[in-house]
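Here is how the chains run, residue by residue.
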Amino acid sequence: MIANRGEIALRIHRACREMNIKTVAIHSTADANAMHVRLADESVCIGPASAIDSYLNIPAILSAAAITNVDAIHPGVGFLSENAAFAEIVEAHGITFIGPRSKHIHCMGNKITAKKTMTKLGIPCVPGSEDPVDGIKTAKDEANRIGYPVLIKAANGGGGRGMKVANSPNNIEEAYTTARRESAAAFGNEAVYMERYLERPRHIEIQIAADNHNNVVHLGERDCSIQRRHQKIIEEAPSLVLTPDERDKIGRRIVTAICNMGYSSLGTMEFLYEDGEFYFIEMNTRLQVEHPITEAITGIDLVRLQIEIAANKSLEITQQDIIFNGHAIECRINAEDPYTFQPHPGKINDYHQPGGLGVRVDSALYAGYSVPAHYDSLIAKIIIHGSNRQECLMRAERALGEYVISGISTTIPLHANLLLDPVFRSGEYYIRWLEKNYLKS
Ligand code: ADP
């Protein structure tokens, strides 16, 4: 059962089809005509449009699993993919959860516990508070100890929400109160913690895969520094700033840590990288939206791997087998105005997807499809692979130019312009470059 929607549901369906595994799609009433529903072997409507009543509705999903008698559930990304209680309930019903054990999801779901765990395992973290910061006095003391500017972050945060910067003692109270309020509203938990606010880091994350038999490999990094509101817009692999030696060193440290944790499944360790140093920020215990760029440069199907691990198979690859080939870039295309970023759902009239050598499009769109207003605005990902970055950029430019999605606004023009920007082309960007320099100019 694929407990998700959109392009990622289709991605999972495709891996299953190639593995000769039958699929059950679940969907809300708003997604009755979605592509993953059309292609799946069976489908079950689990509720109305609102995600809380459908894709987040655990009893409805489990009922659908029971009546279709599924062996395993893939949670996709977002929704219940990092919900430890869901993983536990699925397993308690004798169904395999395609992901890590619930205790690991739980441990990494709280970022304070995640950082403590990683510190113990020898992974460098962003300097900050070791415990939840409770009260304004503690916040001030901690900020003085860490040094300004500081970032106040939601302990249970995600999607870049519940984060506030304090530049000096003058705005610490306001930042603390706002972060707590936003955290309570978004995550139902007001716990916050503090970190040194890094000024010009890159976001570099390392993909790992671990089986149930203590075999662990890393599949290199993805540079996700082109961000808006802490959300990724373009990702590249490999990163332009890492040397093979640095990659090897951080990769080994991570593999040892993951091994010692006893973790199994796919996972991503997210770091900020500044002045040659890595600082762990969080671990995602699921498939990532940007996983295809790793697939492009390694030739490994990560969803297949994830399913095989869940089926208790041993990894067939060792670290020596993982060879990085060429360069890959992913552009995330949203149903949004490319200048104001206002969501723009609606009916697609004409649709034409780019193709050709090195071009992959992960999308569930088709002509006549209506993008519903109820969910995330990501509608397509263009993944480009070339023998080097130069070729990749040329190909990306060409592919974006071919893409026709008419009837709604999309962020294709933003990507087309960004790819031509001299700073982007030079690779000398950092996590705030897009917002501070590019979008403002
Ligand atoms: P979320 O789970 O909400 O995505 P993360 O901890 O992964 O939160 O951080 C998301 C993004 O926020 C990072 O990619 C980075 O852009 C920014 N960020 C997080 N921590 C820091 C920090 N200590 N200093 C500067 N920027 C940060």
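Residues numbered from 1 in each chain as written. Predicted model: local features only at pLDDT ≥ 70, side-chain atom pairs only at ≥ 80, totals over all residues. Heavy atoms only, no water.

> So, the packing of aromatic side chains: which residues are in play, and what are the values?
One pass over the structure, following the stated rule, counts 11 aromatic pairs. Between Tyr55 and Phe79, the aromatic rings sit 5.1 Å apart at their centres with planes inclined by 25°, giving stacked as the arrangement. Here Tyr55, found in the loop between strand E2 (42-47) and helix H3 (58-68), pairs with Phe79, found in the loop between strand E3 (72-73) and helix H4 (84-92); they are 24 residues apart in sequence, far enough to count as distant. Its relative accessible area of 0% is what places Tyr55 among the buried residues. Seen in terms of ring centroids, Trp433 and Tyr438 are 5.5 Å apart; in terms of plane orientation they differ by 45°. Their pairing is tilted. A relative accessible area of 15% means that Tyr438 is categorised as buried. Between Arg247 and the ring centre of Phe324, over which it is positioned, the NZ or CZ distance is 5.8 Å. Sitting above the plane of the Phe424 ring, Arg389 keeps its charged end 5.1 Å from the centroid. (Phe/Tyr/Trp six-rings, centres within 6.5 Å; stacked < 30°, edge-to-face > 60°. Helix = DSSP H or I, 4+ residues; strand = E, 2+ residues; numbered from the N terminus. Buried < 20%, exposed > 50% of the residue type's maximum accessible area, 1.4 Å probe, protein only. Lys NZ or Arg CZ within 6 Å of the ring centre and 35° of its normal.)

> Explain the nonpolar core to me, and be specific about the residues and the numbers.
In globular proteins that are soluble, nonpolar side chains generally tend to be buried together. Counting 38 residues, the largest nonpolar core has Ile226, Tyr403, Ile405, Leu418, Phe424 and Trp433 as the members making the most contacts within it. Of all elements in the fold, only strand E10 (231-237), strand E13 (327-334), strand E16 (359-363), strand E18 (378-386), helix H12 (389-402), helix H13 (412-418) and helix H15 (433-438) reach the threshold of two or more residues within this core. Here this core takes 5 residues from H12, the largest share from any one element. Sequence-distant contacts of Ile226, that is, excluding residues within four places in its chain, are made with Gln231, Lys232, Ile233, Ile234, Leu418, Phe424, Tyr429, Trp433 and Leu434. The next biggest cluster of nonpolar side chains, apart from the first, holds 26 residues, and it includes Met1, Leu62, Ala87 and Ile95. (Core = buried A, V, L, I, M, F, W, Y, C linked by side-chain atoms within 4.5 Å. Contact = heavy atoms within 4.5 Å.)

> Which residues make up the site of the ligand, and what values go with them?
Neighbouring the ligand are 23 residues; Lys111, Gly160, His203, Gln227 and Glu282 lie closest to it. Contact distances for the ligand include 2.9 Å between a nitrogen atom and a side-chain N or O atom of Lys153. Here Arg196 contributes a backbone N or O atom positioned 2.9 Å from a nitrogen atom of the ligand. Burial of the ligand by the protein amounts to 96% of the accessible area it has alone, namely 560 Å². (Near = heavy atom within 4 Å. Polar contact = N/O pair within 3.5 Å; in protein donor to acceptor, adjacent residues only side chain to side chain. Areas by Shrake-Rupley, 256 points an atom, 1.4 Å probe, with all protein chains shown as cover.)

> Explain the UniProt feature "domain: Biotin carboxylation" (unreviewed entry) in the chain to me, using residue names and the numbers behind them.
Per the UniProt record, "domain: Biotin carboxylation" (unreviewed entry) is found at residues 1-439. The span residues 1-439 shows a helical share of 34% and a strand share of 24%, and its end C-alpha atoms are spaced 41 Å apart. (UniProt positions renumbered as here; feature names shortened; annotations may be inferred.)

> I'd love a proper account of the domain arrangement of the chain, names of residues and values included.
Per the domain assignment, the segments making up the chain are domain 1 (6-81), domain 2 (127-196) and domain 3 (202-437). If you average the C-alpha positions of domain 1 and of domain 3, the two centres end up 23 Å apart. Contact with domain 1, which involves 28 residues of that partner, is made by 24 residues of domain 3. Interface of domain 1 and domain 3: buried area, both sides summed, is about 1900 Å²; carbon and sulfur atoms make up 62% of it. (Domains from an automatic or database assignment. Buried area = accessible area lost by both parts, 1.4 Å probe.)

> I'd like a rundown of the packing of helix H1 (residues 6-18) against helix H11 (residues 302-310), residues and numbers included.
For the pair H1 and H11, the least separation of the axes is 9 Å and the interaxial angle reads 65°. Compared by their axis directions, H1 and H11 come out roughly perpendicular. Seen along the crossing, H1 lies across H11 with a hand that is right-handed. Of the residues in H11, those touching H1 at Arg11, Ile12, Ala15, Cys16 and Glu18 are Leu302, Val303, Arg304 and Ile307. When the residues that make up the contact of H1 with H11 are grouped by side-chain class, the tally is 6 nonpolar, no polar and 3 charged. (Axes fitted to C-alpha atoms, helices over the stretch in contact; angles between N-to-C directions. Parallel < 35°, antiparallel > 145°, perpendicular 65-115°, else oblique. Left-handed = near helix turned anticlockwise from the far one by under 90°. Nonpolar A, V, L, I, M, F, W, Y, C, P; charged D, E, K, R; others polar.)

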